[in-house]
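Structural description and commentary
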Amino acid sequence: MNLKSNQNANVRRAVHVHYENKADHHVLVRAIRQLLPPTGSSPIIVVCIGTDRSTGDALGPLVGSYLERHRLPDSKVYGTLQKPVHAVNLHDTLQKIRASYEDPFIIGIDACLGKYQNIGNITIAEGPVLPGAGVNKELLPVGDMNITGIVNVSGFMEYSVLQNTRLNIVMNLAQTIGRCLSVALTSRRRTLLSKLLLMD
């Protein structure tokens, strides 16, 4: 499930940082926190889209497994290497989320194909991710905000490109996304606790 990096023209706010630019990872964390709802207002659901059967498309499940291991506060993760969320079960997964949570705030995470010079870029943006758009599939949009990583080049034989994407790039993107999201949610939780202590 991937999307082309230039396909969401209606995005109002977006931040792009290459995973190798570690000095700018704080920009990703700040962007995530700015897009999150006020603490306690909505349950945060992270939907990591993709499949472990394709290297390029494994970004989502890799992030999901990372987040599951780190036990994010006040959030629930769907889509891991063990239990991926993909084209076959995406609709049912979203229905389950809507039935289980009242007014959830959903973060959609997916792999992208884009221009060669943008491979390795991570984007944090308002609005949903459109899984499958890069391989001409029409799937449900996912998320109130989205996090995507450009894993390879778009424009020609996308399925083959995803299958032949370097695992090293995907792993680095997944670790960076997982770490930045973890920091954003954990620091957000600490800020709330600090405010509550000051009120006592």
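Everything below is about the structure printed above this text.
Residues numbered from 1 in each chain as written. Predicted model: local features only at pLDDT ≥ 70, side-chain atom pairs only at ≥ 80, totals over all residues. Heavy atoms only, no water.

**Let's talk about the packing of aromatic side chains**
To describe a pair of aromatic rings, you give the distance between the ring centres and the angle between the ring planes. What counts here: Within 6.5 Å between ring centres, the rings of Phe, Tyr and Trp (the latter by its six-membered ring) count as paired, and their orientation is classed by plane angle as stacked under 30 degrees, edge-to-face over 60, tilted in between. Sitting over a ring, as applied to charges here, requires NZ of Lys or CZ of Arg to be within 6 Å of the ring centre and within 35 degrees of the ring normal.
This structure, assessed with the given rule, holds zero aromatic pairs. One cation-aromatic arrangement involves Lys76 over Tyr78; the distance from NZ or CZ to the ring centre is 5.7 Å.

**Regarding helix 3 (residues 90-100)**
Side chains that are three or four residues apart share a direction in an α-helix, a result of its 3.6 residues per turn. Definition in use: Each residue gets one of three labels from its accessible area relative to the maximum for its type: buried under 20%, exposed over 50%, partly exposed in between, using a 1.4 Å probe on protein chains only. The way it works is that DSSP assigns letters per residue, a run of H or I at least four long becomes a helix, a run of E at least two long becomes a strand, and they are numbered from the N terminus. Here, the arc refers to the directions that run from the helix axis to the C-beta atoms. In this analysis, two residues are considered to be in contact whenever any of their non-hydrogen atoms come within 4.5 Å of each other.
Looking only at helix 3, the buried set comprises Leu90, Thr93, Leu94 and Ile97. For helix 3, the angular spread of the buried residues around the axis is 95°, confining them to a single face. More than 90 degrees from the buried face of helix 3, the exposed residues found are Lys96 and Ala99. If you follow the buried residues of helix 3, they end up packed against strand 3 (44-48), strand 4 (75-78) and strand 5 (105-114).

**Description of helix 2 (residues 59-70)**
Worth spelling out the cut-off: By this rule, a helix spans an expected 1.5 Å times one less than how many residues it contains.
Compared with the 16 Å implied by 1.5 Å per residue over twelve residues, the 17 Å span of helix 2 between its first and last C-alpha is a close match. Within helix 2, nine of the twelve residues are buried, leaving the element largely enclosed by the surrounding structure. For helix 2, every residue scored as buried is listed here: Leu59, Gly60, Pro61, Leu62, Val63, Gly64, Ser65, Tyr66 and Leu67. A positive backbone phi angle near 50° is found at Arg71, which sits one or two residues after helix 2.

**So, the pairing of strand 3**
Formally: Any two strands with at least two DSSP-identified bridges between them are counted as paired. Handedness is read with the strands pointing away from the viewer; a crossover is right-handed when the path from the first strand over the helix to the second is clockwise.
Within strand 3, five of the five residues are buried, which leaves the element mostly enclosed by the surrounding structure. Of the two faces of strand 3, the one holding Ile44, Val46 and Cys48 and the one holding Ile45 and Val47 are both buried throughout. With four bridges joining them, strand 3 and strand 4 adopt parallel strand pairing. In the strand pairing of strand 4, Ile45 is matched with Lys76. As for the winding sense of the linkage, the β-α-β connection from strand 3 through helix 2 to strand 4 is right-handed. Here five bridges tie strand 3 to strand 5, and the two strands are oriented parallel to one another. Counted as the bridge partner of Ile45 is Ile106 from strand 5.

**Concerning the environment of Ala111**
Within the secondary structure, Ala111 is located in strand 5. Among the residues examined, Ala111 registers a relative accessible area of 0% and is labelled buried. Sequence spacing of Ala111 and Leu162 is 51 residues, and the spatial spacing of their C-alpha atoms is 9.5 Å.

In short, geometric facts, not functional conclusions.
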